[in-house]
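# Report on the structure
So the chains spell out like this:
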Amino acid sequence: MSTRATDSNYEYVTARVRSRRANLFDEEDYQQLVRMEPSGIARFMEESQYEEEMNALGSRHSGVDLVEHALARNLAKDFEDLLRWASGPLYDDIARYLRKFDAWNIKTILRGIYADTGRESVENDLVRTGEFDEDRRDRLLEADSIEGVVEGLSDTVFGPPLESALDEYESTGTLVPLENAIDRAYYEELLAVRPGESNARRLYVKFLEAEIDFRNARNALRLARSGADTDPATYFIDGGRLFDESDLAGIADNPDELAARLADSRYGDELDAALDALDDAESLTGFERALDAALAEYAHQLANWYPLSVCPVFAYVLAKEREVDNVRAIARGRAAGLDPETIEEDLVLR
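A quick note: this is a predicted structure, and the numbers were derived from the prediction, not measured.

### Re the layout of surface pockets
The volume enclosed by the largest pocket comes to roughly 1700 Å³. In terms of lining residues, the largest pocket is bounded by 47 residues, among which Trp104, Arg111, Arg218, Arg222 and Asp325 are the most central. Residue assignment for the lining of the largest pocket shows that the elements contributing at least two residues are α7 (100-114), α8 (119-124), α12 (176-191), α13 (199-226), α17 (284-305) and α18 (311-335). Residue contributions to the lining of the largest pocket peak at nine residues, all from α18.

In structure tokens:
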């Protein structure tokens, strides 16, 4: 991936990102959305930052389908704009970070095959940004088996780790080994680039360390509740600061220990509300939602502490993802007849 210019243009890109972030939906917007029918949600979006996509797609789709297609198109456009604005090492850092959507798309396709979900439903959940082009995504969608997807990725950074994880997938019957192999490949690739001790590099690594810490916590909890007889340390992702391999088994069996570790860590000072939610969570979904909120809060703090760095850009990517996830959950929930209070429980509002 080539660098487009010699110097990073942090001031320009972070100013554009601040402007975009100011347009994201806030808690008051979500309180309105959860009380609307899908047609009302569509009208609300037509008067927001999604206006262009809603108008372009309105003749082909309606209701929830229109909302979902507009969300996906706007998300991809937003992240392509980040690349269009950036230059120098900042461009390279953003491009590598956006490979997370290649990882997301692989997981989505694997889950679709695992659950025997129809292609159209899987395709609607893909995010069309990252390094993979449409041809690659189409070939992966056409695969009719888990092994076929893995084979289709053999020439990428995800191929060898997935190949190695196939035996464990077959023995456990869960996607956890494959999904963790994807995460490991993604973060190892990110942390392997741009060696050195510049301030830009330190902030880049600081942000990624936080993501890895929260990913390890999520993996430990998810694995413990999957019922698989597997050591959580097997799925440890190297590169974080809060946990080592030996920690994960205890955390998986004791969510209270996880909350305590986070509270005593470098994340604790700014995460009181998110950690209270983690402490109060009673289900795996509740724990994961609270972890997402805590990571989003920490990312927001990094963006405030280091305003002319990659941190505001990465924090915006997380915030935009949360908005798209929230609106999609609201639209689907309302279409399924769920009441507003039930839907609100599934939203990450930070």
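### Brief notes about the packing of aromatic side chains
Within the structure shown, the criterion is met by 11 aromatic pairs. Here the aromatic rings of Tyr97 and Phe314 are separated by 3.9 Å at their centres, their planes lie at 15°, and the arrangement is stacked. With a gap of 217 residues between them, Tyr97 in helix α6 (residues 88-97) and Phe314 in helix α18 connect regions that are remote in the sequence. Of the two residues, Tyr97 and Phe314, both sit in the buried class. When the centroid spacing of 6.3 Å and the interplanar angle of 85° are considered together, the rings of Phe132 and Phe158 count as edge-to-face. Of this pair, Phe132 sits in the loop between α8 and α9 (134-142) while Phe158 sits in the loop between α10 (146-152) and α11 (159-172), and the two are 26 residues apart along the sequence. For the pair Phe132 and Phe158, one class covers both residues: buried. A connected cluster of aromatic rings, assembled from ring pairs, spans Phe25, Tyr30, Phe44 and Tyr50.

### With respect to α9
Considered for burial, the residues of α9 that qualify are Arg136, Arg137, Leu140 and Leu141. Down the axis of α9, the smallest arc covering the buried residues is 135°, so these residues share one side. Buried residues along α9 sit in contact with α7, α8 and α10.

### Looking at the nonpolar core
The tendency in soluble globular proteins is for nonpolar side chains to be buried as a group. By size, the foremost hydrophobic cluster in this structure holds 106 residues, and its most contacted members are Leu33, Met45, Tyr97, Phe158, Leu162, Leu178 and Phe207. The element contributing the most residues to this core is α18, with 12 residues. In contact with Leu162, other than residues within four places in its own chain, are Ile106, Val150, Leu153, Leu178, Ala181 and Ile182.

Cut-offs and rules
- Note that residues are indexed from 1 along each chain, following the sequence as it is written.
- The model is predicted, so local features are restricted to residues of pLDDT at least 70 and side-chain atom pairs to those at 80 or more, both for listing and for counting; the totals for chains, interfaces and linings are taken over all residues.
- Computation of side-chain values covers all heavy atoms of the structure but excludes hydrogens and water.
- The definitions used throughout rest on a 1 Å grid laid over the protein atoms alone, on which a cavity is an enclosed set of points accommodating a 1.4 Å probe that cannot get out and a pocket is an open set flanked by protein within 12 Å on both sides along at least five of seven lines; lining residues are those having an atom within 4 Å of a point.
- Grid points are joined across faces, edges and corners, and a volume is the space filled by probe spheres set on the points.
- To qualify as a helix, a DSSP run of H or I must reach at least 4 residues; to qualify as a strand, a run of E must reach at least 2; elements of each kind are numbered from the N terminus.
- Think of it this way: a Phe, Tyr or Trp ring, Trp meaning its six-membered ring, pairs with another when their centres are within 6.5 Å, and the plane angle makes it stacked under 30 degrees, edge-to-face over 60, tilted otherwise.
- Burial classes: relative accessible area under 20% of the type maximum marks a residue as buried, over 50% as exposed, and values in between as partly exposed (1.4 Å probe, protein chains only).
- Read the arc as the range of directions from the helix axis to the C-beta atoms.
- Throughout, a residue-residue contact means that at least one pair of heavy atoms, one from each residue, lies within 4.5 Å.
- Among buried residues, the Ala, Val, Leu, Ile, Met, Phe, Trp, Tyr and Cys ones that are joined through side-chain atoms within 4.5 Å form a nonpolar core.

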